[in-house]
Amino acid sequence: MTKYALVTGANKGIGLEVVRQLAEKEYHVFLGARNEELGEKAVQSLGLANVSFLHVDVTDSGSIKHAYQKVQEVSETLDILINNAGVFLDHHSTPSQTNEETLRREFDVNFFGAFQMIQTFLPLVKKAEGGKIVNVTTDMASQTMFDNGQTAPINALGYNASKTAMNALTLAFGKEFSDNGPEIFGVTPGFTTTDLNGNAPGGKTKAESAQIITQYALDNANYHGKILDKNGIIPW
Ligand SMILES: NC(=O)c1ccc[n+]([C@@H]2O[C@H](COP(=O)([O-])OP(=O)(O)OC[C@H]3O[C@@H](n4cnc5c(N)ncnc54)[C@H](OP(=O)(O)O)[C@@H]3O)[C@@H](O)[C@H]2O)c1
């Protein structure tokens, strides 16, 4: 039986590589993108028959509902939902300089976007045997690690706090789902050279980071309600 996965924000960056890797593992993958032209181009660039474009802007509830209908037309189940879409808009500002509008835009994508995707697609993920939801987060969202200096010292309140809020989604939905499924967990790929950080040098490649996410998504071990980096569980 065909297995289905959906990756948001997958027209480029780490998300596009996650799509490629899941498709190579025989999943039918919905490549989510907010820009139709970029999404279609990304699908073509992969050249894989088991990847299809799905228009979804995670800040637009109408767009999310429409995407849900499109997926439902193809499948009654969704085995893996990967909330990968993300923005990082306050790279160079300190909290005292952070503009409120910027903060709201980051929460819109990184927190509310993931929240609405989970709520909307939950019926399909619940119907899949062993259904999983993976939230792509950052180690800078771990209050413990950031406070202890175990992450990059980037005091980006909007990005970090919106991902901390996303981690709270992982914990809260995790408590609700308990052992009945679906499994929900967060994964941080770690510093990766992508458009998100202006292609800052020295990071992992997109394929390396995607591998971390894909491995956890396909792993038979249960990571329910946890946040993980490449070495395992990290603190909240
Ligand atoms: N790069 C790193 O060092 C790093 C480290 C830890 C975690 N992460 C996380 O990894 C994920 C992927 O990041 P990346 O580095 O691959 O960044 P990226 O290359 O900038 O990709 C981000 C993707 O999110 C999409 N997106 C933004 N707003 C959206 C919206 N409203 N609806 C749907 N899609 C939207 C973008 O679409 P457009 O092309 O239309 O803008 C793009 O496809 C993010 O969640 C990020 O926070 C990255």
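Calculation rules
Residues numbered from 1 in each chain as written. Predicted model: local features only at pLDDT ≥ 70, side-chain atom pairs only at ≥ 80, totals over all residues. Heavy atoms only, no water. Near = heavy atom within 4 Å. Polar contact = N/O pair within 3.5 Å; in protein donor to acceptor, adjacent residues only side chain to side chain. Areas by Shrake-Rupley, 256 points an atom, 1.4 Å probe, with all protein chains shown as cover. Helix = DSSP H or I, 4+ residues; strand = E, 2+ residues; numbered from the N terminus. Buried < 20%, exposed > 50% of the residue type's maximum accessible area, 1.4 Å probe, protein only. Pairing = 2+ DSSP bridges. Axes fitted to C-alpha atoms, helices over the stretch in contact; angles between N-to-C directions. Contact = heavy atoms within 4.5 Å. Phe/Tyr/Trp six-rings, centres within 6.5 Å; stacked < 30°, edge-to-face > 60°. Expected span 1.5 Å × (residues − 1). Parallel < 35°, antiparallel > 145°, perpendicular 65-115°, else oblique. Left-handed = near helix turned anticlockwise from the far one by under 90°. Nonpolar A, V, L, I, M, F, W, Y, C, P; charged D, E, K, R; others polar.

Engineer: Talk me through the site of the ligand; I want residue IDs and the actual numbers.
Structural biologist: Around the ligand there are 28 residues in total, and Asn-11, Arg-34, Asn-84, Tyr-159 and Thr-194 lie nearest to it. Residue Leu-196 places a main-chain N or O atom 3.4 Å away from an oxygen atom belonging to the ligand. Bound to the protein, the ligand loses 93% of the 900 Å² it would expose on its own. Contributing elements (two or more residues each) for the shell around the ligand: α1 (13–24) and α6 (157–177).

Engineer: Lay out the pairing of strand β4 (residues 80–83) in plain terms, naming residues and giving numbers.
Structural biologist: Burial along β4 is two-sided: Ile-80 and Ile-82 facing one way and Leu-81 and Asn-83 facing the other are all buried. In this structure, strand β1 (residues 4–7) lies alongside β4, joined through three bridges in parallel fashion. Bridged to Val-7 within β4 is Ile-82. Alignment of β4 against strand β5 (residues 132–136), held across four bridges, turns out to be parallel.

Engineer: Could you give me a rundown of the sheet that holds strand β7 (residues 227–229), with the residues and numbers involved?
Structural biologist: Here eight strands make up an open sheet; going across it, the order is β3-β2-β1-β4-β5-β6-β7-β8 and the pairing mixed. Only two strands of the sheet have a single partner each, and these edge strands are β3 (51–55) and β8 (232–234). If you compare each strand with its neighbour and ignore which way they point, the axes differ by 30° on average. In the packing of helix α2 (residues 36–46) onto the sheet, contacts are made with β2 (28–33) and β3, and the angle to β3 comes to roughly 170°. Sitting on the sheet, α6 touches β4, β5, β6 (183–187) and β7, and the angle it makes with β6 is about 160°.

Engineer: Give me the lowdown on unusual backbone geometry, citing residues and values where you can.
Structural biologist: Look at the link from Gly-181 to Pro-182: it is a cis peptide, with omega at -5°. Its place among the elements puts Pro-182 in the loop between α6 and β6. The residue Glu-26 is not glycine, and still its phi comes out positive at about 75°. Residue Glu-26 is classed as exposed on the basis of its relative accessible area, which comes to 64%.

Engineer: Could you give an account of the packing of aromatic side chains, with specific residues and numbers?
Structural biologist: What the rule picks out here adds up to nine aromatic pairs. Judged by centre distance (5.5 Å) and plane angle (75°), the ring pair of Tyr-68 and Phe-121 falls under edge-to-face. Placement of Tyr-68 in helix α3 (residues 61–74) and of Phe-121 in helix α4 (residues 100–127) is noted, with a sequence separation of 53 residues between them. Relative accessible area serves as the criterion here: at 15%, Tyr-68 is assigned to the buried category. Taking the relative accessible area as the measure of exposure, Phe-121 reaches 0% and is therefore buried.

Engineer: Residues and numbers for α6, please.
Structural biologist: For α6, with 21 residues, the first-to-last C-alpha span of 30 Å sits near the 30 Å given by 1.5 Å per residue. Of the residues one or two after α6, Ser-178 is the one with positive phi, at around 55°.

Engineer: Go over the side chain of Thr-102, please, and point to the residues and values.
Structural biologist: Tracing the chain through its elements places Thr-102 in helix α4. With residues up to four places along the chain from it excluded, the contact list for Thr-102 reads Leu-89 and Asp-90.

Engineer: Quick one: what's the story with the packing of α1 against helix α7 (residues 206–218), residue by residue and with numbers?
Structural biologist: The contact between α1 and α7 brings their axes to 8 Å, and the two run at 55°. Compared by their axis directions, α1 and α7 come out oblique. Considering the relative orientation of α1 and α7, their crossing is right-handed. Side by side, α1 and α7 meet where Gly-13, Ile-14, Glu-17, Val-18, Gln-21 and Leu-22 of the first sit next to Lys-206, Ala-207, Ser-209, Ala-210, Gln-211, Ile-213, Thr-214 and Leu-218 of the second. Grouping the amino acids of the contact of α1 with α7 by side-chain chemistry returns seven nonpolar, five polar and two charged.

Engineer: Before we move on, can you summarise the environment of Phe-107 with the specific residues and values?
Structural biologist: Tracing the sequence through the fold places Phe-107 in helix α4. When its relative accessible area of 22% is taken as the criterion, Phe-107 is described as partly exposed. Residues within four places of Phe-107 in sequence aside, it is in contact with Phe-112, Gly-113, Gly-158, Ala-161, Ser-162 and Ala-165.

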